[in-house]
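The primary structure of each chain is shown beneath.
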Number of protein chains: 2
Amino acid sequence: MQNKYLVIYQDLLEQIEDGIHPVDSYLPSENELKTQYETSRETVRKALTLLSQNGYIQKVRGKGSVVLPRNKFDFPVSGLVSFKELQNKLGEDVQTHVLTLNTAQPSRHIKKQLLLENDDQLVTEVIRTREINGERVILDKDYFLSNKVEGLTESIAKDSIYQYLEDTLKLSISFAKKEITVEDPTEEDRLSLDLTGFHNIVVIKNYVYLDDATLFQYTESRHRPDRFRFVDFARRHH
Amino acid sequence: MQNKYLVIYQDLLEQIEDGIHPVDSYLPSENELKTQYETSRETVRKALTLLSQNGYIQKVRGKGSVVLPRNKFDFPVSGLVSFKELQNKLGEDVQTHVLTLNTAQPSRHIKKQLLLENDDQLVTEVIRTREINGERVILDKDYFLSNKVEGLTESIAKDSIYQYLEDTLKLSISFAKKEITVEDPTEEDRLSLDLTGFHNIVVIKNYVYLDDATLFQYTESRHRPDRFRFVDFARRHH
DNA sequence: AAGTGGTCTAGACCACCCA
DNA sequence: GGGTGGTCTAGACCACTTT
C-alpha cells in the first residue's frame, strides 16, 4: 500500500464511492492529479488505468475520465471474491457447515485437476455447505496442496480460508481460471443440499494460482440454480 | 496496429502460439526485448502487461516472464467474444435463424435495460436462434440503439452483427457487463428452442458500451443448460 | 488555441532470485 | 554480485475535443 499509484488509486476510489465524483462526472485531469499528488503523469496514469480495468471509470480521449454507473450489488464479483466477502455484502442469514477436512493422497480425478505427477504430494480436502436462510444451497469442495496450507483447522474453514491464506500464511494469490457449467445433481449433491423441486446444479470449477504461477488449489462450487448469480465486467483488449 | 507496444504484443503472442516459447519457459528479459525491438523498457513492459492480463504469461519478480499453459478451447471466452467467433473455434455444424428484425419504440422493460429516458429513441430488435447439430439450443435477443446500427439487414444478422458494427460502421466497443443466472423457461423459450427433457434455461444478460461510455446494446442470450459453458480468466488486483 | 488522454523515451533506484 | 522485474521521473510528441 506504499506504492504511489496504489495510494492514488485507493484515494480516487474512495472519492468515487463517497460521491465526491458522481456518476457521469469527470475526474480531475491527469495534469491536475499530477500536481495534486506531486508525482509524474505516468504514475497518475497507472492509477487511472487500474480504475478503468476495474470498471470504475472510462477514459475518453480529448475529454477526460468519466465515472461509470455501478449497481451496488454487482461488484466485485468477477474473479476471485471469497464466499465470506459475498456474505458480508449480501447481509443475509448465512451459515457454513464443515463436512470434511482431511489431508491424504489425492484421488486420480483430483490429481488430474491439480496437474500432479509425483505420488508423494498430499492434498488437503475441505468440503463445506453454505446455508442461506435455513436452506443448504451451496456445496463447496476445495482441494489444496497440503504443504501450502499448514495449520488449516475446522474453525478456520468455518470462517474464511482465504483470509487465513492471505493474512496468516502470506500466500499471494495471483490469478484464477473459472469454468461454469450446468449439470445433473449427483447423489452427493442430493444428500448435502436441499434440492427438492430442482433438476439442475450449477458447477463452478475454479483453478487458483499463486504469484509464482504454481497451481495450488482446485475448487468445485456447486450451487442450487435459484441461488446462483455471476456478474462479470470485461474490457475489450483490441 | 502501428503502436509499438501492440506490435511487440502481437509478435510475442504469435511466438507463444507457435511454440517458439513453450509453456513453462521464460520469455526474453525486458532488457533483451528492449534491445531487440529498439525501444524503451516501459514500452516493452506495456506489451508484457497486456500478455499477462490476457492470461498468456505470468511475470515473476527476479526471474522473468513464464509462459502459462492454455487449454485450447478455453480462450478467449471471458468477455466479449461473439457467437460467430466461437463457432469458428468450435468448428461444429452451426446455423443461425433470424426470427425478428425490426425497429420501433421499445417496451418499458427494454427502455429500462438501456437506461432510456426520452421517448423518441428508437430501438432495433433482433431475435435469433442458434442451431447446433440440428438442435435449436440458443435464443439470442438483441436490442440496439437504432441510430447506431443503421443499415442492419437480415443477412448481416445471419452472419455476424459484431463484424458489421466494428468493420463497417467503425463502432468501437469498449466494455461490457454480464450477468449469468438460471431461470425457468418462458413460453417463448419453449417455442423457439428444443427443450424437451430440460427444466432450466441459462440466461446471460449483456450490457455493451462504446468508447465514449454510452450504453448502446442490451442482449439476452438464453442457452439450453447442456450447451452452456462459460470460461473466465481473472487476475487479482490487490 | 488550449486542454485532454495515448504513446514513447532514457534514464534511475529498488526488491527479489540465483549462482 | 549480476540479472530480473516493479516503480518512478521529467520530459516529448501526437490525436482528439472543445471553445
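Residues numbered from 1 in each chain as written. Chains lettered and ligands numbered in written order. Predicted model: local features only at pLDDT ≥ 70, side-chain atom pairs only at ≥ 80, totals over all residues. Heavy atoms only, no water.

Going by the annotation in an unreviewed UniProt entry, the name recorded for chain A is Trehalose operon repressor, with Halolactibacillus alkaliphilus given as the source organism.

With that out of the way, let us pick up the relation of the copies chain A and chain B. In screw terms, the move from chain A to chain B is a rotation of 180° and a rise of 0.0 Å along the axis, fitting with an RMSD of 0.0 Å. Taken together, the rotation and translation relating the two chain copies correspond to the operation of a two-fold axis. Every residue of chain A has its C-alpha some distance from the rotation axis, and the shortest such distance is that of His199(A), at 3.3 Å. Residue by residue, 100% of the interface of chain A is reproduced at the interface of chain B, so both copies engage with the same surface. (Least-squares fit on C-alpha atoms with pLDDT ≥ 70 in both. Contact = heavy atoms within 4.5 Å.)

With that out of the way, let us pick up the interface of chain A and chain B. At the junction of the two partners, chain A supplies 47 residues and chain B supplies 47 residues. When chain A packs against chain B, the two sides together hide about 4,100 Å² of surface, and 50% of this comes from carbon and sulfur. The largest per-residue losses of area from chain A upon contact with chain B belong to Lys177(A), Asp232(A) and Arg236(A), which jointly make up 16% of the total buried on that side. At the surface where chain A touches chain B, the tally comes to two salt bridges. Ionic pairing is found between Arg229(A) and Glu179(B), a salt bridge with its closest N-O pair at 2.5 Å. Here chain A is connected to chain B by 15 residue pairs in polar contact (both at pLDDT 80 or more). Among the elements of the structure, helix H3 (41–53), strand S1 (57–60), helix H7 (161–168), strand S6 (173–183), strand S7 (201–210) and strand S9 (230–235) of chain A are those that each provide at least two residues to the side of chain A that touches chain B. When residues of the side of chain A that touches chain B are assigned to their parent elements, the largest contribution, ten residues, is made by S6(A). Looking at side-chain class alone, the side of chain A that touches chain B contains 22 nonpolar, twelve polar and 13 charged residues. Alignment of S6(A) against strand S9 (residues 230–235) of chain B, held across six bridges, turns out to be antiparallel. Counted as the bridge partner of Glu179(A) is Val231(B) from S9(B). (Buried area = accessible area lost by both parts, 1.4 Å probe. Salt bridge = Lys/Arg side-chain N within 4 Å of Asp/Glu carboxyl O. Polar contact = N/O pair within 3.5 Å; in protein donor to acceptor, adjacent residues only side chain to side chain. Helix = DSSP H or I, 4+ residues; strand = E, 2+ residues; numbered from the N terminus. Nonpolar A, V, L, I, M, F, W, Y, C, P; charged D, E, K, R; others polar. Pairing = 2+ DSSP bridges.)

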